[in-house]
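Per-entry structural report
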Amino acid sequence: MSKLFRAVIMGPPGSGKGTISERIAHSFGLKHISSGDFVRENISANTEAGVLAKTYIKKGLLVPDHVMTRLLLPRLEEMTKYSWLLDGFPRTLAQADALNSICDLDVVINLNIPLETLKERLRHRWTHPSSGRVYNMYFNPPRIQGLDDITGEQLIQQEDDRPEALVARLRHYKDIAKPVIDLYKAKSILYTFSDTETDRIWPNISTLLSTKIPIGQSDARCASTH
Ligand SMILES: Nc1ncnc2c1ncn2[C@@H]1O[C@H](COP(=O)(O)OP(=O)(O)OP(=O)(O)O)[C@@H](O)[C@H]1O
Ligand SMILES: Nc1nc2c(ncn2[C@@H]2O[C@H](COP(=O)(O)OP(=O)(O)O)[C@@H](O)[C@H]2O)c(=O)[nH]1
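Remember, it's a predicted structure, so these values are computed and weren't measured experimentally.

Take the UniProt feature "binding site: AMP" (unreviewed entry) in the protein chain next. In the numbering used here, UniProt assigns the feature "binding site: AMP" (unreviewed entry) to Ser35, Arg40, Leu61, Leu62, Val63, Gly88, Phe89, Pro90, Arg91, Gln95 and Arg169. Take leucine 62: it is sitting in the loop between α3 (48-58) and α4 (65-77). Ignoring sequence-local partners within four residues, the contact set of leucine 62 consists of Tyr56, Arg91, His172 and Ile176. Its location among the elements puts arginine 91 in the loop between β3 (84-87) and α5 (93-100). For arginine 91, a relative accessible area of 37% puts it in the partly exposed group. Apart from the residues within four sequence positions on either side, arginine 91 is in contact with Ser35, Leu62, Ile176, Ala177 and Val180.

Around ligand 1, the surrounding shell holds 16 residues, and the nearest of these are Lys17, Ser35, Leu61, Gly88 and Arg91. Within the backbone of leucine 61, an N or O atom sits 2.8 Å from an oxygen atom of ligand 1. One of the side-chain N or O atoms of glutamine 95 is found 2.9 Å from a nitrogen atom in ligand 1. Protein coverage of the free-state accessible area of ligand 1, which is 600 Å², stands at 84%. A per-class count over the shell around ligand 1 returns 7 nonpolar, 4 polar and 5 charged.

Within the element layout of this structure, leucine 73 appears in helix α4. The exposure class assigned to leucine 73 is buried, which follows from its relative accessible area of 14%. Separated by 62 residues in sequence, leucine 73 and glycine 11 have C-alpha atoms that sit 21 Å apart.

Here the focus is the pairing of β3. The alternating pattern of β3 places Trp84 and Leu86 on one face and Leu85 and Asp87 on the opposite face, and all of these are buried. Bridging between strand β1 (residues 6-10) and β3 involves 4 bridges; their strand directions are parallel. Each residue of the ladder has a partner; that of alanine 7, found in β3, is leucine 85. When strand β2 (residues 31-34) meets β3, the two strands line up parallel, connected through 4 bridges. Of the residues in β3, the one forming a bridge with isoleucine 33 is leucine 86.

Across the 6 residues that make up strand β4 (residues 107-112), a large majority, 5, are buried. Where β1 meets β4, 4 bridges bridge the pair, whose relative direction is parallel. Its bridge partner lying in β4, methionine 10 is registered against asparagine 110. Bridge count for β4 against strand β7 (residues 190-194) is 5 bridges, and the pairing is parallel. Looking at the pairing, valine 108 lines up with leucine 190 of β7.

Thresholds, definitions, all that
- Counting from 1, residues in each chain are numbered in the order their sequence is written.
- Chain letters start at A and ligand numbers start at 1, both assigned in the order the entries are written.
- For a predicted model such as this one, the threshold for reporting local features is a pLDDT of at least 70, and the threshold for listing and counting side-chain atom pairs is 80 or more; totals across whole chains, interfaces and linings nevertheless cover every residue.
- The side-chain figures draw on all heavy atoms in the structure; neither hydrogens nor water molecules are used.
- UniProt positions are given in the numbering used here, feature names are shortened, and annotations may be inferred rather than shown by experiment.
- We count a stretch as a helix when DSSP gives it H or I for four or more residues in a row; a strand needs E for two or more, and each element gets its number in order from the N terminus.
- In what follows, a contact means two residues having at least one pair of non-hydrogen atoms within 4.5 Å.
- Think of it in three bands: with a 1.4 Å probe and only protein chains considered, a residue is buried below 20% of the maximum accessible area for its type, exposed above 50%, and partly exposed in between.
- Nearness here has a simple test: a residue counts as near a molecule or strand if at least one of its heavy atoms is within 4 Å of that partner.
- Pairs of N or O atoms within 3.5 Å make up the polar contacts considered here, provided that, within protein, one atom can donate a hydrogen while the other can accept it, and that residues adjacent in sequence are counted only when both atoms are side-chain atoms.
- Methods summary: accessible areas were calculated by the Shrake-Rupley approach with a probe of 1.4 Å, and residue burial reflects only the protein chains presented.
- Residue classes follow a fixed rule: Ala, Val, Leu, Ile, Met, Phe, Trp, Tyr, Cys and Pro count as nonpolar, while Asp, Glu, Lys and Arg count as charged, and any other residue, Gly among them, counts as polar.
- If DSSP finds at least two bridges between two strands, the strands pair.

As structure tokens, this is what we get:
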């Protein structure tokens, strides 16, 4: 079997991780694993880790490293047959070390987006709370204003997405992400993309992945995972 592909996407809130992950999953057939979605699934299913995670999320805190790794690592270990893209994990050096102990990453995509752009995007971000699906009133509006395309349920604007909250979130992100970024830079697997528009970043990411994912693998993977 050809070598499987392992990628991580990093970036501050609103940098486009979810949007770009969907494009990568669709174009290259990688399994998209979003830590936020996975946490929400565990909360809905009332698993032990889900119940614990909920107590932190309700307070606007990150879930502690040992809870996150206990949730995510077994999930990744189930995916040994697939190429995957991780979105939202690792967020801390402890999480990166835990990930490192179970696999070697091929590529880390790092999104570097100006603060003003992040503020503007999040001001217009609407979320379907139970699934984590996001919309932007200009970039990708829902079919019916205020309602989720799939369920028809009400969309909300998250408190966290207010410009005042964003500055603190961003500072926090920078502090905890820096050692993770430095680690991946030292391993020569970090690829940073800077722009204000996802549509201008996307062709560069697509070109990078075309050179990294062995020919034929992405198609084969698509067929085997959908
Ligand atoms: N790797 C992680 N480590 C710790 N907590 C996490 C992690 N991933 C998700 N969480 C928790 O789950 C919540 C939802 O995660 P999710 O990534 O969907 O949203 P977010 O933090 O608002 O990020 P973004 O705005 O970048 O999309 C987070 O706020 C955090 O409490
Ligand atoms: N205007 C604009 N909005 C974008 C662009 N890319 C993503 N968005 C929107 O910006 C918000 C943040 O994107 P998201 O993928 O959720 O980022 P994440 O927090 O890093 O996962 C969402 O509402 C997206 O629809 C872009 O190039 N322009």
